[in-house]
Every structure is written in C-alpha cells, then in structure tokens.
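So the chains spell out like this:
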Amino acid sequence: MRLVSPRLAPLAGLLLLLAAVGVRAAEVAVDWEQCFLTGVSGGVCPPVDVAVGDTVTFNWAGFHNVVIMPSEADYGECAPGAGEVLAPEAPGGAFPYTVPEGAAGGALYFVCTVPGHCSSGQKITLNVGPGEEAAVAAPSCTTVADLLVSANLTTLATAVDAAAAASEEFAAALAPLLGEGPADPPLMVFAPTDAAFEALFAALNTTGEALLNSSLPLVTDVLKYHVSPDMLDEATLEQITTLLPGETLLADEQMVEAACSNATVSVGPVETCSGMAYVIDRVLLPSSAGCA
Ligand SMILES: [Cu+2]
C-alpha cells in the first residue's frame, strides 16, 4: 500500500478489515491412536466437523499411516489400493492436513491401511462446512458511498448529495455507485480529497456552499467528469471517457491528466461493488468549466 495520510487512516482500517474476512482457519487435532484403539475395541471413531482452510493434525504413537479414500463406498469397504497415501506408515507421527476449498459442503474420508487396521475400525470422517460459499452468498463489498464515509471525503459526499437531489438523471447515473442498482458496466471513480476541494474553492475565491447554491449544474458536470466506464492500465496513460459527454481524461493508476488540471492518485485502486475507485489530490476540471 502507498503512503496513507492520517485523513485516510479509516480507509486503511477498512481495507485491513476486508482482508481479514474469511481468514478464520482453525487447528483441529485428531487422536489417530485413540481412533485405532476405539476401533479394535468395537467402537466407531466419531466424525469431526471442519471448515475449508482448517488444519487437521493426525497424531499417533503406534504404527499407522494416513490414507484419504476417494468415496464413502471405498471408505466403508476399506477398499484396498483405492486411497491415496498422505502420510506413510511410521511408528508415531503427527501429520497436518489442510482442508481444501473443493471439499466445501462435503465429507472427507480417512483410514489407516496398515493390514487389519481399517477393517478394525481405524477410520474417520471429516464433515466440511460450506466455508467460502456462505461468504459468496452474502458479499461484503464496499459501495462508493461507504468509501466516501470511511475515507472522510465529506466535501465530495456533500456535493454528490446536492447534485443527486437536484437532478434525477444524475441520481440515476450514480445509483450503481451507491449500491442502489446493478453495476453493469462497472464504473470507475476518481474521488478528490477535502483538501483538493478546499484548494479549488480558494482559487475560485468562493466556498463550497456558495458554489453549490450558485452553480449546481456546473458542479454536477464536474462530478460527472470524475466517473468513467473505462478501466485503467497500471502504468500507461490512456485516454478514457467520462460520464460528461465529449470530455475525456488521460489516466493510469498513478495520475490523471484533465483538461484543466492534473491529479495524483493518493490511494487506490480500491475495489468497490461497482468498480474501481481512486482517491486523488486535485479536483478534475473539464474544458467546459473554463480553464482558470
Ligand atoms: Cu493403523
């Protein structure tokens, strides 16, 4: 990640939080020796519930191996030669097995194929929970609106609210960004910081409030100039279209050249529900705004 200013610290926290989602792998111990003893005394080694990514460690003291069987039927019959040897037979051992993604929602079957052991009952079933499927069913994606809040981009959020309240067309165009409509095609967003807006207001010798009151259509055009249906190349400046008809930008993932001003990407790309977002340090002004 690039340099993150204190202002954007909440964004960094959000990204770390997102990265941590789904990383809850557990350590599960299987007493493989006890499983053997339970089997030879006529019992059944109880199945164990696990999740994708869990590490299951088979521990034993006697002479055993760990073999995974391809099916419940092979497991039930202790079919000779059917399984794959994961840990060769050895006098004592601790074999770690990581539950693979493909096992989600199913079961895994393990036996010991030292002669007589499987048929005596040294076998165990691991029931695998739905794992990542649950996360896919309820995606935890970030909308651009979430991003503006978490990155504390209050001036931009205020301007977007005012423009959306004044123009149904603008509100409809922005709906996918706010998580209120399907993002197809995805939309890329350049989000200027509060400091960028302050610099613009100072240059124009005005305030944000005055500008919204006197020139809302112009503000709306400027906002449209910050949204594009195009994708960026990492390091090659390419011309991209914007939601403002006839106005284009030259941009890569480091910088943006607008008609009247250039900006540097300070944070990004940030993946949102509706496409990529980049926090930038200048407000982009289209030629129709009149290059001051
Ligand atoms: Cu054994």
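Residues numbered from 1 in each chain as written. Predicted model: local features only at pLDDT ≥ 70, side-chain atom pairs only at ≥ 80, totals over all residues.

What follows deals with the overall build of the protein. Regarding its fold elements, the protein presents eleven helices and 13 strands. Within the span of the protein, comprising 292 residues, buried residues form 35% of the whole. (Helix = DSSP H or I, 4+ residues; strand = E, 2+ residues; numbered from the N terminus. Buried ≥ 20, exposed ≤ 12 C-beta atoms within 10 Å, placed from the backbone.)

Next up on the list: the nonpolar core. Ranked by size, the top nonpolar core spans 43 residues in total, and within it V189, A191, V256, I280 and L284 carry the most contacts. The element that contributes the greatest number of residues to this core is helix α7 (residues 154-166), accounting for five residues. Ignoring sequence-local partners within four residues, the contact set of V189 consists of V144, L177, H226, V227 and A277. Counting 26 residues, the second-largest nonpolar core is a separate cluster that includes W32, C35, Y75 and F110. (Core = buried A, V, L, I, M, F, W, Y, C linked by C-beta atoms within 7 Å. Contact = placed C-beta atoms within 7 Å.)

Among the residues of helix α9 (residues 194-203), those classed as buried are A196, F197 and L200. Buried residues of α9, seen end-on, are gathered within an arc of 95 degrees and therefore sit on one face of the element. Summarising the contacts, the buried residues of α9 are in contact with α7, β7 (188-192), α10 (208-214) and β13 (275-280). (Arc of directions from axis to C-beta.)

What follows concerns unusual backbone geometry. Excluding glycine, a negative phi dihedral is what most residues carry, and trans is how most peptide bonds are arranged. Here G268 and P269 are connected by a cis peptide whose omega angle stands at 0 degrees. Assignment of secondary structure puts P269 in strand β12 (residues 262-272). Notably, N205 is not glycine yet its phi reads approximately 55 degrees, a positive angle. Along the chain, N205 turns up in the loop between α9 and α10.

Structurally, E101 can be placed in the loop between β4 (84-98) and β5 (107-111). Residues E101 and V52, 49 residues apart in the sequence, show an inter-C-alpha distance of 5.5 Å.

Before going further, it helps to spend a moment on the sheet that holds β13. If you walk across this open sheet you meet the seven strands as β8-β7-β13-β12-β11-β10-β9, and the pairing is mixed. Strand pairing shows two members of the sheet lacking a second neighbour, β8 (227-228) and β9 (238-241), which therefore form its edges. In this structure, β12 lies alongside β13, joined through five bridges in antiparallel fashion. Bridging across to β13, T272 finds its partner in G275. (Pairing = 2+ DSSP bridges.)

Take the packing of α7 against helix α11 (residues 216-224) next. Closest axis-to-axis distance for the α7/α11 pair is 10 Å, and the angle between their directions is 115 degrees. By the angle class used here, α7 and α11 are roughly perpendicular. As for the relative orientation of α7 and α11, their crossing is left-handed in sense. Within the contact between the two elements, α7 uses A159, V160, A162, A163 and A166 and α11 uses L216, V219, T220 and L223. In terms of residue class, the contact of α7 with α11 is made up of eight nonpolar, one polar and no charged. (Axes fitted to C-alpha atoms, helices over the stretch in contact; angles between N-to-C directions. Parallel < 35°, antiparallel > 145°, perpendicular 65-115°, else oblique. Left-handed = near helix turned anticlockwise from the far one by under 90°. Nonpolar A, V, L, I, M, F, W, Y, C, P; charged D, E, K, R; others polar.)

By themselves these figures say nothing about function.
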